[in-house]
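Here are the chains, one letter per residue:
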Amino acid sequence: NKNIISISDLSRSELELIVSTANKLKQNPNPDLLKNRVIASCFFEASTRTRLSFETAVHRLGGNIIGFPDSGNTSLGKKGETLADSVKVISTYCDAFFMRHNQEGAARLASEFSSVPVINGGDGSNQHPTQTLLDLFSIYETQGTLDKLQVAFVGDLKYGRTVHSLTQALSLFDCEFHFIAPSALSMPDYIIDELNDKGCQFTLHDTLDGVVDNLDILYMTRVQKERFDETEYQHLKSSFILSAKMLEGVKDNLKVLHPLPRVDEITTDVDHTPYAYYFQQAENGVYARQALLALVLTNEYGDK
Ligand code: CP
């Protein structure tokens, strides 16, 4: 029963296996892999990309989806049922359970009550491991390696679960990190402590100036309106805005990534540069989630 709750649950070799499997599935679709399998897709918090790419992944592998796009009409949302009771029952209906929840630790809790593998599609500001898998695949696809890259994370590093998970994953590949955020949105201490413990190189900045020119990956994030009160949000929003002009003189191989949705942190003129890769990155969510399902539920591509 392989749960995928935190990116830290996966080793370097497991991450590499998922990336190579995503690549195989992108080149050679496998439309019968999940035939007769039922996967539950349970979203207790809003999503566009994660839910739809996950459900597309299941359909394209020949599996069946049950579930709900928000918890508003469920017994949990309407009748006060606990998450534990909901999960105990839903897991008897399916072969794997994919969920997003606004509470940190919700997926870990669900895994304690589920009889089938639980895959975390984002829990509050904590972790977003399947986003990291598609990020790693996109980085590998564009750079040909995951090792020794210069990677900058920009924006809301405090609440950005995607940057927490991706930093932890890339710390296994000897990358050098550059964290660019206002002090109110800086990377949590536990991530910084982990990097120090592993001897990883990193720098902290409050501006993009002087950082962009040497990068391989520039990972932009949104200031997450839903995690602030309105006054604080108005003060912090638009902290960093990337425009095409700021990309003059960067390395040819630079790719700008963003987990999306964006608000105004990347101006649309960047979309037309060779550096923009965020829409291809979102498409890669299908292949990365297919790979994860294949490895969690079948022995077709490996036995991990
Ligand atoms: N990247 C991401 O998690 O997007 P959604 O919120 O649309 O799922």
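Residues numbered from 1 in each chain as written. Predicted model: local features only at pLDDT ≥ 70, side-chain atom pairs only at ≥ 80, totals over all residues.

So, on to helix α5 (residues 106-113). Among the residues of α5, Ala106, Ala107, Ala110 and Ser111 are the ones counted as buried. When α5 is viewed along its axis, its buried side chains cluster within an angular range of 140 degrees and face the same direction. Each element contacted by the buried residues of α5 is listed here: α4 (83-90), β3 (96-101) and β4 (118-123). (Buried ≥ 20, exposed ≤ 12 C-beta atoms within 10 Å, placed from the backbone. Helix = DSSP H or I, 4+ residues; strand = E, 2+ residues; numbered from the N terminus. Arc of directions from axis to C-beta. Contact = placed C-beta atoms within 7 Å.)

Next up on the list: the site of the ligand. Near the ligand the following residues occur: Ser47, Thr48, Arg49, Thr50, Gly122, Gln131, Pro259, Leu260 and Pro261. Across the shell around the ligand, the residue classes tally to 3 nonpolar, 5 polar and 1 charged. Shared between two domains, the shell around the ligand takes at least three residues from each, and those domains are domain 1 (7-128 + 284-297) and domain 2 (129-282). (Near = placed C-beta within 6 Å. Nonpolar A, V, L, I, M, F, W, Y, C, P; charged D, E, K, R; others polar. Domains from an automatic or database assignment.)

The subject of this paragraph is the sheet that holds strand β1 (residues 38-43). An order of β2-β1-β3-β4 is seen for the 4 strands of this open sheet, with the pairing classed as parallel. Two strands lie at the open edges of the sheet, namely β2 (64-68) and β4, each paired on one side alone. Taking each pair of neighbouring strands and ignoring which way they run, the sheet shows an average axis angle of 15 degrees. Bridge analysis of β1 against β2 gives 5 bridges, and the strand direction is parallel. Across the sheet, Cys42 pairs through a bridge with Phe68, a residue of β2. (Pairing = 2+ DSSP bridges. Axes fitted to C-alpha atoms, helices over the stretch in contact; angles between N-to-C directions.)

Here we come to the UniProt feature "binding site: carbamoyl phosphate" (unreviewed entry) in the protein chain. Here the UniProt feature "binding site: carbamoyl phosphate" (unreviewed entry) sits at Arg49, Thr50, Arg100, His128, Gln131, Leu260 and Pro261. For Arg49, a count of 17 C-beta atoms within 10 Å corresponds to the partly exposed category. Beyond its immediate stretch of four places on either side in the chain, Arg49 contacts Leu260, Ala282 and Gly285. If sequence neighbours within four positions are ignored, Gln131 has contacts with Thr162, Ser165 and Pro259. (UniProt positions renumbered as here; feature names shortened; annotations may be inferred.)

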